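# Observations on the three-dimensional arrangement
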Amino acid sequence: MAASLENRIQEKVKALPPEKQQRVLSMVEEMLSEKEATQSRVAVRPLCEIAEEISSQVPLEEWGEVTRRWCGAAQPLPLWLAEER
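Quick caveat: nothing in here was measured; it's all calculated off a predicted structure.

### Some details on the overall build of the protein
When you go through the protein residue by residue, the secondary structure sums to five helices and zero strands. The N-to-C order of helical and strand elements in the protein reads α-α-α-α-α. For the protein, with 85 residues in total, the buried portion stands at 7%. For the protein, the computed accessible surface area is about 7,600 Å², with 59% contributed by carbon and sulfur atoms.

Following this line, the structure appears as structure tokens:
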């Protein structure tokens, strides 16, 4: 931001009464938090992409053991997964 613009903003804010200065500060902080929230959402990967990446690292013969540990009993390999491998 150009220094002259910063100075103009500063002069305008100084001319406001304290309660309006507080409103300006709140608005600026809200805009900054919205920007941060938008930036953090961009980095989020879809859950299905993460699950696919993890499942591709498990050898096919170990899927029975994985389901036993998670489900308490042996389950067959899901059909959709068996077809992909």
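### Looking at a nonpolar patch on the surface
A cluster of nonpolar side chains, namely Met27, Val28, Met31 and Leu32, defines an oily patch on the protein surface of about 380 Å² accessible area. Looking at where Leu32 falls in the secondary structure, it is placed in helix H2 (residues 18–42).

### Details of the side chain of Ser55
Mapped onto the elements of the fold, Ser55 is located in helix H3 (residues 47–56). A relative accessible area of 11% means that Ser55 is categorised as buried. A polar atom in the side chain of Ser55 sits 3.1 Å from the backbone oxygen of Glu52.

### Considering the confidence of the model for the protein
Within the protein, residue pLDDT values average 76, and 62% of them lie at 70 or more. Ranking the elements of the protein by mean pLDDT puts helix H5 (residues 79–84) last, at 60, and helix H1 (residues 3–15) first, at 91.

### Side note on the environment of Leu25
Along the chain, Leu25 falls in helix H2. Owing to a relative accessible area of 40%, Leu25 belongs among the partly exposed residues under this scheme. Linking Leu25 and Val13, residues twelve residues apart in sequence, is a C-alpha distance of 9.4 Å.

Rules used in this analysis
Residues numbered from 1 in each chain as written. Predicted model: local features only at pLDDT ≥ 70, side-chain atom pairs only at ≥ 80, totals over all residues. Heavy atoms only, no water. Helix = DSSP H or I, 4+ residues; strand = E, 2+ residues; numbered from the N terminus. Buried < 20%, exposed > 50% of the residue type's maximum accessible area, 1.4 Å probe, protein only. Areas by Shrake-Rupley, 256 points an atom, 1.4 Å probe, with all protein chains shown as cover. Patch = residues over 30% accessible without salt bridge, like charges linked within 9 Å, V, L, I, M, F, W, Y side chains within 5 Å. Salt bridge = Lys/Arg side-chain N within 4 Å of Asp/Glu carboxyl O. Polar contact = N/O pair within 3.5 Å; in protein donor to acceptor, adjacent residues only side chain to side chain. pLDDT = per-residue confidence, 0-100.

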